[in-house]
Amino acid sequence: MAQMKFMCDAERCIECNGCVTACKNANEVEWGIQRRRVVTLDDGEPTEVSISVACMHCDDAPCMAVCPTDCFYKTDDGIVLHDKDLCIGCGYCLYACPFGAPQFPQQNAFGERGKMDKCTFCAGGPAETREEEYQKYGANRISEGKLPLCAEMCSTKALLAGDAQTVADIFRQRVVQRGHPDGAWSGNPRADADNLAYDATHQG
Amino acid sequence: MFVSHAWPGLWRMAALALVLLVGLGVTQPALAQADPDREAATAVGGVSPETWRQVRSGETGPNFRDSRAESTYNLVNASGETWRQLRNRWVSPFGLIAIGGMLVVIALFYVIVGRKDLSAPRTGRKLLRWPLVVRAIHWTVATLFIVLALTGLNLLYGKFVFRPLFGDAVWAGMISASKVAHNYLGPLFGILLIVLLARVLKHNWPKKHDLEWFKKGGGMVGKAHVDAGFANGGEKVWFWLLATVGIVVIASGFVLDFPNYGQGRDTMQWANIIHAVGALGLTAVALGHIYIGTIGSEGSLEGMATGYVDETWARDHHNLWYEEVKDQAIPEERLAAGGQPSGGSEEPTPRSG
């Protein structure tokens, strides 16, 4: 079985927010919720870099580990989904999530959180009918053999979605081609010294 | 001329093909020989360690942008994993040990030592101990405490027990009701507990004889005679636990209950840990309080139930208080006849502690 993963190539991300818009449009998420966000570090500096972030569908998902209702589950494709009928809006998944993926519609009394909403890797969620599924969780493109719309529509192909191995291969090939000294964008001095990507280009 | 006239399209195609071939011949090797150092020099500079420190700190710097509206979240939630480990590895198992251990200790104590009986027959003369207003607040607070403890325990442990036991449909309603009850009754409990603490504060100032009381273990075991005023050492400890830990639990509960005041994710992580540790601890101690107040010692429950205690009970447990108020004892018959309003507004002689 495939292990679905997102990967954002920060070298290519141009902060156009197309993924954000594509996601909102594909899933028709409710007002105030934005499943994907684009984060820019060092904005306006020479080192400025942007990256698109949403649920990363972790292998050892912290949200699953702390949920008091146990409403999360992992599909065979490694996609982390949740059951909104079980969600009580306690916010624990948000406390634990490394990526700030879970969001809550704050529309009830005293700021009480509504049912959590997050990226589903365009894989919908548990529901009786397709209409109910779309209304609660948004599109189920995976069931139609399609990948998440955010990645499919990314104009620079910075955002990749798909089987972890395939995504990793594409990214590795890119790094080899462009010969970035540290392989990605961490600025790790040790990676610079090893310069693995540089050697790789010479090996052809 | 003839040829070019006859086949203009062919010439153009040939020329185009030549250009493409030449172009490929030139560009292909150029691509293959791209200088990695130059590529790297024009690539993203690499975010500085300073920026990574900023990311890990949880705070967002002035050059941080997030396309999400009103987002205060940094790129990575560095403290999330700490919170997860604290909650799942420490709070959860040790809470169970504290409460389960307390139940075992109480059960063993009851089996081995048994109920603390009155040392002499009842005299039939009653002393007012808890006025109606105190009893009303106490039982409201007690009921709310039990509801909050059960719903809180359900939020922490329920998924291991009730979901597999009852299935999703029942579990969904159960856990949802738990959360709503916990969130809405919590503030009510908080306010009433503070009222109750303020009302009984005068009985709970520490006194010298309390030290002696602790040295003798409160006289719970054996026939040791220990001095105690209106409240004994144990009751004072329970009071001050509620007045300190209880207030912390209430305050952290408010932080968690009202996420609409802009408190950050990190604040709520800590509020959650503090709330859980405090509440689990208080629940464990409360089991002791409930035991002593009900089956643990003869004649205690009637004080909080009717407001009056027997003279013998007062002499056994609160001898200093008894000495002060013994002349105000009322015969049982007069109470039953309604001679005295059920628990006047003020208990007698609040001087003693």
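So, how was this worked out
Residues numbered from 1 in each chain as written. Chains lettered and ligands numbered in written order. Predicted model: local features only at pLDDT ≥ 70, side-chain atom pairs only at ≥ 80, totals over all residues. UniProt positions renumbered as here; feature names shortened; annotations may be inferred. Helix = DSSP H or I, 4+ residues; strand = E, 2+ residues; numbered from the N terminus. Buried ≥ 20, exposed ≤ 12 C-beta atoms within 10 Å, placed from the backbone. Contact = placed C-beta atoms within 7 Å. Axes fitted to C-alpha atoms, helices over the stretch in contact; angles between N-to-C directions. Parallel < 35°, antiparallel > 145°, perpendicular 65-115°, else oblique. Left-handed = near helix turned anticlockwise from the far one by under 90°. Nonpolar A, V, L, I, M, F, W, Y, C, P; charged D, E, K, R; others polar. Pairing = 2+ DSSP bridges. Core = buried A, V, L, I, M, F, W, Y, C linked by C-beta atoms within 7 Å. pLDDT = per-residue confidence, 0-100.

- Naming follows an unreviewed UniProt entry, where chain B appears as Formate dehydrogenase subunit gamma of Halomonas heilongjiangensis.
- Quoted verbatim from the Cofactor (unreviewed entry) heading of the UniProt record, the comment on chain B is "heme".
- Its UniProt record gives chain B the following Subcellular location (unreviewed entry) comment, quoted word for word: "Cell membrane".

- As annotated in an unreviewed UniProt entry, chain A carries the name Formate dehydrogenase and comes from Halomonas heilongjiangensis.
- Looking at chain A in UniProt, the text filed under Cofactor (unreviewed entry) is "[4Fe-4S] cluster".

## Considerations on the overall build of chain A
So, point 1. Counting secondary structure elements, chain A contains 8 helices and 6 strands.
So, point 2. Traced from its N-terminal end to its C-terminal end, chain A shows the element sequence β-α-β-β-α-β-β-α-α-α-β-α-α-α.
So, point 3. A total of 204 residues make up chain A; the buried ones form 43% of that total.
So, point 4. Counting only contacts in chain A whose residues sit at least 6 apart along the sequence, the fraction spanning at least 24 positions is 52%.

## Points about the overall build of chain B
So, point 1. Counting secondary structure elements, chain B contains 14 helices and 4 strands.
So, point 2. Contacts in chain B between residues far apart in sequence, at least 24 positions, make up 75% of those at least 6 positions apart.

## Comments concerning the packing of helix α7 (residues 168-200) of chain B against helix α9 (residues 233-257) of chain B
Residues and elements named next belong to chain B.
So, point 1. Between α7 and α9, the shortest axis-to-axis distance is 10 Å and the interhelical angle comes to 150°. Considering the angle they form, α7 stands roughly antiparallel to α9. The crossing of α7 and α9 is left-handed. When α7 is examined against α9, the residues N183, G186, P187, G190, L193, L197 and V200 are found in contact with a partner set consisting of F239, L242, A243, G246, I250, G253, F254 and D257.
So, point 2. Per-class residue counts for the contact of α7 with α9 are 9 nonpolar, 5 polar and 1 charged.

## Concerning unusual backbone geometry
Residues and elements named next belong to chain A.
So, point 1. Despite not being glycine, D70 has its phi angle at roughly 60°, a positive value.
So, point 2. One can find D70 in the loop between α2 (62-66) and β4 (72-74).
So, point 3. Judged by C-beta crowding, with 19 C-beta atoms within 10 Å, D70 ranks as partly exposed.
So, point 4. For C122, which is not a glycine, the phi torsion comes out positive at approximately 50°.

## Regarding the UniProt feature "transmembrane region" (unreviewed entry) in chain B
Residue and element names in this part refer to chain B.
So, point 1. If you check UniProt for "transmembrane region" (unreviewed entry), the listed places come out as residues 90-112, 132-157, 184-201, 237-256 and 268-292 in our numbering.
So, point 2. Taken end to end, residues 90-112 has its terminal C-alpha atoms 32 Å apart, with 100% of it in helix and 0% in strand.
So, point 3. Split by type, residues 268-292 is 100% helix and 0% strand. Its first and last C-alpha atoms lie 35 Å apart.

## Quick notes on the interface of chain B and chain A
So, point 1. Listed by partner, the interface residues are 46 residues for chain B and 51 residues for chain A.
So, point 2. Looking at the side of chain B that touches chain A residue by residue, the classes come out as 19 nonpolar, 15 polar and 12 charged.
So, point 3. Across 2 bridges, strand β2 (residues 37-41) of chain A lies against strand β1 (residues 65-66) of chain B in antiparallel orientation. Residue pairing in the sheet places V39 of chain A in a bridge with D66 of chain B of β1 of chain B.

## What about the nonpolar core?
So, point 1. Of all hydrophobic cores here, the largest spans 58 residues; its most connected members are C63, C93, A96, C150 and L159 of chain A.
So, point 2. Top element by residues in this core is helix α3 (residues 92-96) of chain A. It accounts for 5 residues.
So, point 3. In contact with C93 of chain A, other than residues within four places in its own chain, are C63, V66, C67, P102 and M116 of chain A.
So, point 4. Core analysis: the second largest hydrophobic core is formed by 32 residues, I99, L128, F145 and L280 of chain B among them.

## Comments concerning the sheet that holds strand β3 (residues 308-310) of chain B
Residue and element names in this part refer to chain B.
So, point 1. With antiparallel pairing, 3 strands are arranged side by side in an open sheet as β3-β2-β4. Here the strands that pair on one side only, and so sit at the sheet edges, are β3 and β4 (330-331).
So, point 2. Relative to β3, strand β2 (residues 125-128) runs antiparallel, the two sharing 3 bridges. Residue pairing across strands places L128 opposite Y308, the latter belonging to β3.

## Topic: the environment of Y110 of chain B
Residue and element names in this part refer to chain B.
So, point 1. As for its position among the elements, Y110 is in helix α5 (residues 80-112).
So, point 2. Using a count of 13 C-beta atoms within 10 Å as the deciding quantity, one classes Y110 as partly exposed.
So, point 3. Sequence-wise, Y110 and G296 are 186 residues apart; in three dimensions their C-alpha atoms are separated by 7.3 Å.

## A look at the confidence of the model for chain B
Detail in the predicted coordinates should be disregarded across regions flagged by low pLDDT.
Residues and elements named next belong to chain B.
So, point 1. Per-chain confidence: chain B averages 86 in pLDDT, with 80% of residues scoring 70 or above.
So, point 2. Across residues 24-33, where pLDDT falls below 50, the model places 0 contacts with residues more than four positions away in sequence or in other chains.
So, point 3. Across the interface, the model reports ipTM at 0.86; the global pTM reads 0.85.

## Brief notes about the pairing of β2 of chain A
Residues and elements named next belong to chain A.
So, point 1. Counting buried residues in β2 gives 4 out of 5 residues, a clear majority hidden from the surface.
So, point 2. Of the pairings in the sheet, the one linking β2 to strand β3 (residues 49-53) comprises 5 bridges and is antiparallel in character. What sits directly across from T40, in β3, is S50.

## Observations regarding the sheet that holds β2 of chain A
So, point 1. As summarised here, the arrangement of the 3 strands in space is β3(A)-β2(A)-β1(B), forming an open sheet in which the pairing is antiparallel. Either end of the sheet is taken by a strand with one partner, and the two such strands are β3 of chain A together with β1 of chain B.

## Details of the environment of A284 of chain B
All names here are of chain B.
So, point 1. You can see A284 is positioned in helix α10 (residues 265-296).
So, point 2. Sequence-wise, A284 and L103 are 181 residues apart; in three dimensions their C-alpha atoms are separated by 8.0 Å.
So, point 3. With sequence-adjacent residues up to four places away left out, A284 is seen in contact with A98, I99 and M102.

## Concerning the confidence of the model for chain A
So, point 1. Here chain A shows a mean pLDDT of 86. Residues at 70 or above account for 86%.
So, point 2. Confidence over residues 185-204 of chain A falls short of pLDDT 50; this stretch has 34 contacts with residues more than four positions distant or in other chains.

## Side note on the packing of helix α6 (residues 132-166) of chain B against α7 of chain B
Residues and elements named next belong to chain B.
So, point 1. Where α6 meets α7, the axes come as close as 7 Å, and the angle between the chain directions of the two elements is 155°. Of the possible angle classes, the one that applies to α6 and α7 is roughly antiparallel. The two elements α6 and α7 meet at a crossing, and its hand is left-handed.
So, point 2. By residue class, the composition of the contact of α6 with α7 is 23 nonpolar, 9 polar and 3 charged.

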